Amino acid sequence: MKKFTGFTLIEVLVFVTVLSLFFISAVTITTFSLRNLKIQEHKIIATRYAEESSEWVKQEKEDDWQVFASHNGTNYCLNSLSWTNGLCSTYSLGTPGFFKRDLILSISGNPTDKITTVLTVSWLENGVNQNVILKSVYNLWE
Amino acid sequence: MGIVYKKSFTLIETIVVIAVIGLILPVIFSIFFVLLQQQTKIYRLNTVKKEGDFVISLMESTIKNRAVNIYNSAVLNDANIVCKGETPGDSYNNPYFLDDNNKFFSYKLNGTKIASDSANSVDLTSIYTKVSGFSISCTRNRIYSTPSVLVSFTIQYNTTSTRPEDTASLFYQTKIKLRNY
């Protein structure tokens, strides 16, 4: 007479292990891609902020080269689109404040005829620093 | 021989299994839901940015390269010229631009879309977005400087929902100098 005895402990253990491995990997992949999507979202917004400040710097340049070239400090904080000395200390850009926007100037020529700017919009993503960088060069004669 | 009972799950076993499934399924579905929501948000943000970038670059290139003078209406009359810079901070809202073919063009808000208005009106943004706070003005500080045009607007995804997960909004602002003034 054939007797059905059910599953053995080993069988159940193997099955549960395989199943949990599958679930854990699925959840890991999903949360990873979710985090990437979140970074992507912030990157789109950060790019907009970077372009906005790049426009602003270009206007400053076109308005008056002398005034523009008189900013001989190296680091500026452009969170509020005004010349604020020193790099930003707070992530106050955006609603709610999440980004910061720094400008690094390097001046060359005497009198100044070329200014290189590096705009960095940065934010913290789960404690990890992320940034979008825009570099441009401004010449007196253009 | 007594009665042969068929082996089966006890009530406790069944309850435990259902409880475990009941714990795991909501977690999995909520993760997928958030994932889907995030994808929608990125899609919306992308649409908004694409349209905003298009409008701002179009306005910038047309106003910068084609505008030769600024008027308060689409009538070619010297009395209608504005932003002459005769007084400091001379400015005018919603101006009309004259191009090098003596044709007028302007940009205005048509409902919730930005429209370019020359011979006929053309919407520059789609029904998927709505524009608010659109402002265009020219300023000129001195008579010997070229006027500049200030443009700003907020573009957001066209949705009735106000939840932050569903909304996507970007602010655009630029200042354009007339190159051929």
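In the annotation of an unreviewed UniProt entry, chain B is listed under the name Type II secretion system protein.

An unreviewed UniProt entry lists chain A under the name Type II secretion system protein.

Enquirer: Please explain the sheet that holds strand β7 (residues 129–140) of chain B as it appears in this structure.
Expert: The strands that make up a sheet are held in pairs by hydrogen bonds between backbone atoms, and each pair lies either parallel or antiparallel. Residue and element names in this part refer to chain B. Pairing in this open sheet of four strands is antiparallel, and the strands run β2-β7-β8-β9 from one edge to the other. Strands at the two margins of the open sheet, each flanked by one partner only, are β2 (90–93) and β9 (169–177). Strand-to-strand, the axes of this sheet are offset by a mean angle of 15 degrees, without reference to chain direction. Pairing between β2 and β7: four bridges, direction antiparallel. Bridging across to β7, tyrosine 92 finds its partner in cysteine 138. With respect to the sheet, helix α1 (residues 11–66) is in contact with β7, β8 (148–157) and β9, its orientation differing from that of β9 by roughly 10 degrees.

Enquirer: What exactly am I supposed to notice about the interface of chain B and chain A here?
Expert: Accessible area lost during the coming together of the parts is what is often quoted as the interface size. Across the boundary between the two partners, chain B contributes 17 residues, which contact 16 residues of chain A. For the side of chain B that touches chain A, the elements supplying multiple residues, two or more each, are α1 and β9 of chain B. Here the side of chain B that touches chain A gets 11 residues from one element, more than from any other, and that element is α1 of chain B. Residues of the side of chain B that touches chain A, tallied by class, amount to seven nonpolar, five polar and five charged.

Enquirer: I tried to follow the confidence of the model for chain B on my own but got confused; where do I start?
Expert: Parts of the prediction with low pLDDT should not have their coordinates interpreted in detail. All names here are of chain B. Residues at a pLDDT of 70 or more form 98% of chain B, whose mean pLDDT is 88. Across chain B, the element-wise mean pLDDT spans from 87 in β2 up to 92 in β8. Scored by ipTM, the complex comes to 0.78, with pTM at 0.82.

Enquirer: Explain the UniProt feature "transmembrane region" (unreviewed entry) in chain B to me, please; I cannot follow it from the model alone.
Expert: Residues given the UniProt feature "transmembrane region" (unreviewed entry) here are residues 15–36 of chain B. Segment residues 15–36 of chain B splits into 100% helix and 0% strand. End C-alpha atoms: 32 Å apart.

Enquirer: Would you mind going over the environment of phenylalanine 105 of chain B with me for this structure?
Expert: All names here are of chain B. Note on placement: phenylalanine 105 falls in strand β4 (residues 104–110). Here phenylalanine 105 falls in the partly exposed class, since 17 other C-beta atoms lie within 10 Å of it. Sequence separation between phenylalanine 105 and aspartate 117 is 12 residues; the distance between their C-alpha atoms is 5.5 Å. Not counting residues up to four positions away in its chain, the partners in contact with phenylalanine 105 are Thr62, Phe97, Asp99, Ser116, Asp117 and Ser118.

Enquirer: What am I meant to see in the UniProt feature "transmembrane region" (unreviewed entry) in chain A here?
Expert: Taking the UniProt record as the reference, the feature "transmembrane region" (unreviewed entry) is found at residues 12–34 of chain A. Counting secondary structure, residues 12–34 of chain A comes out at 100% helix and 0% strand; the distance between its end C-alpha atoms is 33 Å.

Enquirer: Honestly, the sheet that holds strand β1 (residues 75–77) of chain A in this entry has me stumped. Any pointers?
Expert: Residues and elements named next belong to chain A. With antiparallel pairing, the five strands of this open sheet are ordered in space as β2-β1-β3-β4-β5. At either margin of the open sheet sits one strand with a lone partner, and together these are β2 (84–85) and β5 (128–139). Two strands pair when backbone bridges link them, and strand β4 (residues 114–125) and β5 are joined in this way by 12 bridges, in the antiparallel orientation. Residue pairing for β5: threonine 120 is matched across the bridge by isoleucine 133. The strands touched by helix α1 (residues 9–63) within the sheet are β3 (99–108), β4 and β5, with β4 carrying the most contacts at an inclination of about 155 degrees.

Conventions and cut-offs
- Residues numbered from 1 in each chain as written.
- Chains lettered and ligands numbered in written order.
- Predicted model: local features only at pLDDT ≥ 70, side-chain atom pairs only at ≥ 80, totals over all residues.
- Pairing = 2+ DSSP bridges.
- Helix = DSSP H or I, 4+ residues; strand = E, 2+ residues; numbered from the N terminus.
- Axes fitted to C-alpha atoms, helices over the stretch in contact; angles between N-to-C directions.
- Contact = placed C-beta atoms within 7 Å.
- Nonpolar A, V, L, I, M, F, W, Y, C, P; charged D, E, K, R; others polar.
- pLDDT = per-residue confidence, 0-100.
- UniProt positions renumbered as here; feature names shortened; annotations may be inferred.
- Buried ≥ 20, exposed ≤ 12 C-beta atoms within 10 Å, placed from the backbone.

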